[in-house]
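Coordinate inspection notes
These are the residues of each chain, in order.
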Amino acid sequence: MREFEYSTNGTCSRLITFDIDGEMRVHNIHFVGGCNGNLKGIGALCEGQKAEDIICRLKGIRCGFKDTSCPDQLANALEKAIEQCGK
């Protein structure tokens, strides 16, 4: 299991931490800042899911008039993690 930390841009949350296992499944998602209940829900729904599946579902989601959202930032974080894992 490998731990990752991602500083967000353009959202109320400031940081996302998560783990990725050898099968590229995501675990222990935690957002710092943002809408606590909603972000706990996103973390719970994504727990154990393949990183690529999460990216497909969350990439491009916007929050109001912002160009991004916390789910979109999670997708960005997962893309970077996949790059670092070499997959």
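The present account deals with the structure reproduced in this document. (Residues numbered from 1 in each chain as written. Predicted model: local features only at pLDDT ≥ 70, side-chain atom pairs only at ≥ 80, totals over all residues. Heavy atoms only, no water.)

The sheet contact formed by strand E2 (residues 13-20) and strand E3 (residues 26-33) spans six bridges and is antiparallel. Across the sheet, the residue bridging to Thr17 is His30, located in E3. Counted along the chain from E2 to the antiparallel partner E3, the turn is five residues long, and its residue Met24 has a positive phi close to 65 degrees. (Pairing = 2+ DSSP bridges. Helix = DSSP H or I, 4+ residues; strand = E, 2+ residues; numbered from the N terminus.)

On to the environment of Asp72. By the secondary structure assignment, Asp72 is in helix H3 (residues 70-85). Linking Asp72 and Thr8, residues 64 residues apart in sequence, is a C-alpha distance of 9.7 Å. Discounting chain neighbours no more than four positions away, the residues touching Asp72 are Leu58, Lys59, Gly60, Ile61 and Asp67. Among the polar contacts made by the side chain of Asp72, one reaches the main-chain amide nitrogen of Gly60 at a distance of 2.7 Å. (Contact = heavy atoms within 4.5 Å. Polar contact = N/O pair within 3.5 Å; in protein donor to acceptor, adjacent residues only side chain to side chain.)

Spatially, the three strands line up as an open sheet ordered E1-E2-E3, and their pairing is antiparallel. If you trace the sheet from one side to the other, it starts and ends with strand E1 (2-7) and E3, each paired once. If you compare each strand with its neighbour and ignore which way they point, the axes differ by 15 degrees on average. (Axes fitted to C-alpha atoms, helices over the stretch in contact; angles between N-to-C directions.)

Mapped onto the elements of the fold, His27 is located in strand E3. A distance of 2.8 Å separates a polar atom in the side chain of His27 from a polar atom in the side chain of Glu47. Beyond its immediate sequence surroundings of up to four residues, His27 is in contact with Met1, Phe18, Asp19, Asp21, Glu47 and Gly48.

Our next topic: unusual backbone geometry. Even without glycine at this site, Met24 takes up a positive phi of about 65 degrees. With respect to the helices and strands, the residue Met24 is situated in the loop between E2 and E3. A residue is classified by how much of its surface remains accessible, and Met24, at 13% relative accessible area, is buried. Phi at Asn28 is positive, roughly 55 degrees, even though this residue is not glycine. By the secondary structure assignment, Asn28 is in strand E3. (Buried < 20%, exposed > 50% of the residue type's maximum accessible area, 1.4 Å probe, protein only.)

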